[in-house]
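Letter by letter, the chains look like this.
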Amino acid sequence: MRLSNYFLPVLKETPADATIASHRFMLRAGMVKQDSAGIYIWLPLGFKVLKKIEHIVREEQNKAGAVEMLMPTIQSANHWKETGRYDAYGPEMLRIKDRGDRELLYGPTNEDMITDMFRSYVRSYKDLPQNLYHIQWKFRDERRPRFGVMRGREFLMKDAYSFDIDADAAKLTYYRQFVAYLNTYARLGLKAVPMRADTGPIGGELSHEFLILAETGESEVFCHKDLVDMPAPGHFETKDELEAVFNERTSLYAATDEKHDADEFAKVPADKQLSARGIEVGHIFYFGDKYSEPMKAQVTGADGKNVNVMMGSYGVGVSRLVGGIIESSHDENGIIWPKSVAPFGAGIINLKSGDTEADAACEDIYQKLSAAGIDPLYDDKDDRGGQKFARMDLIGLPYQLVIGPRGLKEGIIEVKIRATGEKKNLSPADALNFIISEFEGV
Ligand code: ATP
Ligand code: MG
């Protein structure tokens with residue numbers, strides 16, 4: 001992409017109402033624009049990151065055997081009345097009436113709708129297990145939308161819903177999602193810790209939230225330090241393997257404030273006790289027949305008897321993650337994107353647009369990086385160098401190639417690694433190979 005063709009409305013001033021780094025940088029880098037409280041326009045740069053996160057979440061869900069579908073944003077109130085949640089949900093739910101006075105709502109979650117869908121098709125234990133997910137916008141009329149996309153009113157969520165024949169099978173599905181979540185966050189460059197959590201309005205008995213630690217996090221958390229740096233488990237299939245990962249990660253203490261048990265926490269060695277703040281980036285629930293019972297979502301078991309299907313649901317805050325990743329990866333100059341979600345792989349800065357040699361060298365490397373799939377952003381604008389450097393640092397692409405007539409006379413261009421600030425003077429060919437090799441396996 002050539003910057004002269006792109007829409008990147010970078011702001012010089014820090015918007016006054018943006019109190020945390022991710023919110024500030026997302027506004028300044030032209031990623032989002034607030035349209036009304038907690039409702040955002042995703043500008044091209046922000047949209048690109050959102051899609052990259054969505055893609056990784058999708059790949060890991062597919063690997064874990066979940067099947068993608070799409071449910072509508074607008075739901076009939078009937079499903080919710082059947083489960084008793086229509087009244088229970090409260091003012092966070094946006095209730096709408098159509099022209100025929102029928103009650104609708106903008107979905108804050110989809111347990112009720114999918115249970116209704118499921119019961120109309122599935123009759124036999126032979127059709128189980130099933131795990132269906134979608135990545136869809138939700139609306140919750142939050143009392144206090146804040147921190148930009150982190151606590152929005154309209155936000156993008158991946159939500160999966162599982163159906164199993166009994167509690168044992170359902171727990172295995174829960175473990176599989178648990179492991180998929182660990183792999184997902186690791187690919188996003190995050191250290192997310194699974195913690196015992198409250199089930200809130202979704203309900204149920206077994207529940208974990210995944211939190212990334214950050215001073216600006218809204219949740220208070222307590223955990224064993226060693227959990228924070230545990231690597232991604234990788235992919236597993238068998239019950240024993242999945243259960244082993246689950247047991248390994250849950251044997252060390254980790255709980256959100258609501259589930260915190262001070263006596264139990266005191267048993268963690270003092271130098272391993274971590275009390276911190278965290279951002280909730282995912283939440284998984286096993287709730288058995290909480291919805292299948294009132295909705296009579298039953299299948300015939302092997303013994304010919306009808307049983308309620310046992311269910312779980314599994315949410316990832318896709319749009320919140322854009323902010324969450326920035327909270328955990330930035331410096332005073334701007335964002336530092338992990339390679340896996342960077343909106344562009346590298347930025348090319350032409351120090352003297354209009355200079356024949358500089359233009360030709362930039363054009364050449366732009367073509368070659370594009371052909372190699374790096375998806376570069378070429379700053380071909382006619383701005384001052386200082387302005388170009390600041391803008392490139394702000395938007396946080398992992399690599400910058402700085403190209404100008406002076407360096408070219410000596411046959412070199414400068415490569416800057418955004419995360420460390422390290423600079424290398426390389427020939428254009430070496431610079432190209434360096435960047436391509438850095439993206440191998442990403
Ligand atoms: P919170 O405790 O932050 O209000 P929640 O527990 O109500 O979240 P869930 O119902 O578990 O949220 O939703 C699944 C995921 O969706 C959460 O883990 C979070 O990442 C994301 N999410 C929830 N509410 C919002 C919101 N208002 N804005 C952005 N993302 C959200
Ligand atoms: Mg939650």
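See the structure shown above.
Residues numbered from 1 in each chain as written. Chains lettered and ligands numbered in written order. Predicted model: local features only at pLDDT ≥ 70, side-chain atom pairs only at ≥ 80, totals over all residues. Heavy atoms only, no water.

On a plain count of helices and strands, the chain comes out with 14 helices and 23 strands. Over its C-alpha trace the chain gives a radius of gyration of 24 Å, about what one expects of a compact globule, namely 22 Å for 442 residues. With respect to the principal axes defined by its C-alpha atoms, the chain has extents near 80 × 60 × 40 Å. Buried positions account for 52% of the 442 residues belonging to the chain. (Helix = DSSP H or I, 4+ residues; strand = E, 2+ residues; numbered from the N terminus. Rg over C-alpha atoms; globule rule 2.2 N^0.38 Å. Buried < 20%, exposed > 50% of the residue type's maximum accessible area, 1.4 Å probe, protein only.)

By the definition in use, this model includes 35 salt bridges. A salt bridge links Glu248 to Arg249; the shortest N-O distance between them is 3.3 Å. Relative accessible area serves as the criterion here: at 40%, Glu248 is assigned to the partly exposed category. A salt bridge links Asp393 to Arg418; the shortest N-O distance between them is 3.8 Å. Separated by 25 residues along the polypeptide, Asp393 in helix H12 (residues 385-395) and Arg418 in the loop between strand E22 (413-417) and strand E23 (423-426) bring together distant segments of the chain. Here the two residues Asp393 and Arg418 agree in accessibility, since each one is buried. (Salt bridge = Lys/Arg side-chain N within 4 Å of Asp/Glu carboxyl O.)

What follows deals with the pairing of strand E5 (residues 94-97). Judged from the 4 bridges that link them, E5 and strand E6 (residues 103-106) form a sheet pairing that is antiparallel. What sits directly across from Ile96, in E6, is Leu104. Where E5 folds back on E6, the antiparallel hairpin that results is connected by 5 residues, among which Asp101 adopts a positive phi of roughly 65°. (Pairing = 2+ DSSP bridges.)

Let us now look at the nonpolar core. Residues Met31, Ile53, Tyr185, Leu188, Phe210, Val322 and Trp337 are the most contacted members of the largest nonpolar core, which totals 71 residues. The leading source of residues in this core is helix H6 (residues 167-187), at 9 residues. Counting residues in each nonpolar core, the second largest holds 23 residues, with Ala358, Tyr399, Leu432 and Ile435 among its members. (Core = buried A, V, L, I, M, F, W, Y, C linked by side-chain atoms within 4.5 Å.)

Another aspect to go through is the site of ligand 1. Close to ligand 1 lie 15 residues; Arg140, Glu142, Arg151, Gly152 and Glu280 are nearest. Within the contact set of ligand 1, a nitrogen atom lies 3.4 Å away from a backbone nitrogen or oxygen of Met150. Here an oxygen atom of ligand 1 sits 3.1 Å away from a polar atom, N or O, in the side chain of His283. Surface burial for ligand 1 is 85%, taken as the share of its 580 Å² of free accessible area covered by protein chains. Looking at the shell around ligand 1, the elements that each hand over two or more residues are strand E8 (154-164) and strand E13 (273-288). Top element by residues in the shell around ligand 1 is E13. It accounts for 5 residues. Residue composition of the shell around ligand 1, by class: 6 nonpolar, 4 polar and 5 charged. (Near = heavy atom within 4 Å. Polar contact = N/O pair within 3.5 Å; in protein donor to acceptor, adjacent residues only side chain to side chain. Areas by Shrake-Rupley, 256 points an atom, 1.4 Å probe, with all protein chains shown as cover. Nonpolar A, V, L, I, M, F, W, Y, C, P; charged D, E, K, R; others polar.)

This part takes up the environment of Ile412. Considering the arrangement of structural elements, one finds Ile412 in the loop between helix H13 (405-409) and E22. Residues Ile412 and Gly234, spaced 178 residues apart in sequence, show a C-alpha to C-alpha distance of 41 Å. Non-local contacts of Ile412, meaning those with residues more than four positions away in its chain, are made with Gly407, Asn425, Leu426 and Ser427. (Contact = heavy atoms within 4.5 Å.)

Glancing now at unusual backbone geometry. That bond from Leu128 to Pro129 is cis: its omega, -5°, falls within 30 degrees of zero. Locating Pro129 in the fold gives a position in the loop between helix H5 (111-119) and strand E7 (130-139). One non-glycine residue, Asp375, lies in the positive phi region at around 55°. Secondary-structure assignment places Asp375 in the loop between helix H11 (356-371) and strand E20 (377-379). Classification of Asp375 as partly exposed rests on a relative accessible area of 29%.

This paragraph deals with the side chain of Thr83. Here Thr83 is to be found in helix H3 (residues 77-83). Apart from residues no more than four positions distant in its own chain, Thr83 is found in contact with Asp112, Tyr291, Pro294 and Met295.

Looking now at the side chain of Asp380. Within the fold, Asp380 resides in the loop between E20 and H12. Buried charged residue Asp380 carries no salt bridge. Nearest counter-charge: Arg2, at 5.1 Å. A polar atom in the side chain of Asp380 sits 3.5 Å from the backbone nitrogen of Leu3. Side chain to side chain, Asp380 and Ser4 meet in a polar contact 2.6 Å long. Leave out the neighbours within four places in its chain, and Asp380 touches Arg2, Leu3, Ser4, Ser353 and Lys388. (Lys, Arg positive; Asp, Glu negative; His and termini not counted.)

H6 packs onto helix H2 (residues 44-63) with a crossing angle of 150° between their chain directions and a minimal axis gap of 9 Å. Viewed along their axes, H2 and H6 adopt a mutual orientation that is roughly antiparallel. Remark: the crossing between H2 and H6 carries right-handed chirality. Contacts between H2 and H6 involve Ile56, Val57, Glu59, Glu60, Gln61 and Lys63 from the first element and Gln177, Ala180, Tyr181, Asn183, Thr184 and Arg187 from the second. Classifying every residue of the contact of H2 with H6 gives 4 nonpolar, 4 polar and 4 charged. (Axes fitted to C-alpha atoms, helices over the stretch in contact; angles between N-to-C directions. Parallel < 35°, antiparallel > 145°, perpendicular 65-115°, else oblique. Left-handed = near helix turned anticlockwise from the far one by under 90°.)

Shape is all these values report; function is a separate question.
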